[in-house]
Amino acid sequence: MDRRNENGRDEQASAGGAEDEHMARARTLMRSVLAPREAREFVETNLCREHAFRALATVQLAATEFASQAVLSGSGPLEISLRCTRTTVTVAVRYQPSAALARQSLILTDELSTQVIQGISRASGAQTAKDGARRLWCSIATGHISLLPDRDPH
Ligand SMILES: [Zn+2]
């Protein structure tokens, strides 16, 4: 539906221009109770040093929430992705919702996760692709980071 496309545009706008992007990585994780931990490890391993210094725990929290959601309500593997611009880190998890849960629009973890994500991020959303895959994402504002080594000029 149109609304989903709008979400996509909001994400592009909120995450800054593509020219600002300095890191984009993705990994596929097996759906298991270990996935949230693997999502945290993926963030720790891949987030750029400057953003890790500012926001590692926050980005890991978002990754954990999304991975947990995918494990609880999905089927099959999930893909986690990270994207940095100068002012934001965008975390997303893409998964195939399980048929059994697809009709339950709200489950408790959904509600709690939503509150957590809204508390830590500047923009967030959920999109459903044509093939039925669900993508949860949020953009965490980190302030403007310098891509050069941070040195005191004096
Ligand atoms: Zn970065």
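These numbers come from a predicted model, not from an experiment.

Q: Report on the nonpolar core, specifying residues and quantitative values.
A: By size, the foremost hydrophobic cluster in this structure holds 29 residues, and its most contacted members are Val59, Ala62, Ala63, Ala67, Val91 and Val93. Secondary-structure elements contributing two or more residues to this core are α2 (35-46), α3 (49-73), β2 (74-84), β3 (88-97) and β5 (134-141). Other than its neighbours up to four places away in sequence, Val91 contacts Val59, Ala62, Ala63, Phe66, Leu82, Trp137 and Cys138.

Q: Just give me the short version of the pairing of β3, but keep the residues and values in it.
A: β3 sits mainly inside the fold: eight of its ten residues count as buried. By the bridge criterion, nine bridges tie β2 to β3 in an arrangement that is antiparallel. From the neighbouring strand, Leu78 faces β3, where its bridge partner is Tyr95. Taking the residues that link successive antiparallel strands as the turn, the β2-β3 hairpin has three residues. Two strands pair when backbone bridges link them, and β3 and β5 are joined in this way by eight bridges, in the antiparallel orientation. Each bridged residue has a counterpart across the sheet, and for Tyr95 the counterpart in β5 is Arg134.

Q: Kindly report on the pairing of β5, identifying the contributing residues and their values.
A: Strand residues, when the strand is regular, have side chains that alternate between the two faces of the sheet. Counting buried residues in β5 gives six out of eight residues, a clear majority hidden from the surface. Bridging between strand β4 (residues 123-128) and β5 involves six bridges; their strand directions are antiparallel. Counted as the bridge partner of Gln127 is Arg135 from β5. Where β4 folds back onto β5 in an antiparallel hairpin, the turn is made up of five residues, including Gly132, whose phi is positive at roughly 90°.

Q: Pulling in residues and values, what's your account of α2?
A: The end-to-end C-alpha separation of α2 is 16 Å, in line with the 16 Å expected for twelve residues at 1.5 Å each. Taken residue by residue, α2 has Ala35, Pro36, Ala39, Phe42 and Val43 as its buried positions. Around the axis of α2, the buried residues are gathered within 115° of arc, so they sit on the same side. Looking at the packing, one finds that the buried side of α2 touches β1 (23-29), α3 and β2.

Q: Please provide a residue-by-residue account of the environment of Gln60, values included.
A: Its location among the elements puts Gln60 in helix α3. Judged by the 20 C-beta atoms lying within 10 Å of it, Gln60 falls in the buried class. In this structure, the C-alpha to C-alpha distance between Gln60 and Arg37, residues 23 residues apart in sequence, is 9.3 Å. Dropping the residues within four chain positions of it, Gln60 is found in contact with Arg40, Val43 and Glu44.

Parameters and conventions
Residues numbered from 1 in each chain as written. Predicted model: local features only at pLDDT ≥ 70, side-chain atom pairs only at ≥ 80, totals over all residues. Core = buried A, V, L, I, M, F, W, Y, C linked by C-beta atoms within 7 Å. Buried ≥ 20, exposed ≤ 12 C-beta atoms within 10 Å, placed from the backbone. Helix = DSSP H or I, 4+ residues; strand = E, 2+ residues; numbered from the N terminus. Contact = placed C-beta atoms within 7 Å. Pairing = 2+ DSSP bridges. Expected span 1.5 Å × (residues − 1). Arc of directions from axis to C-beta.

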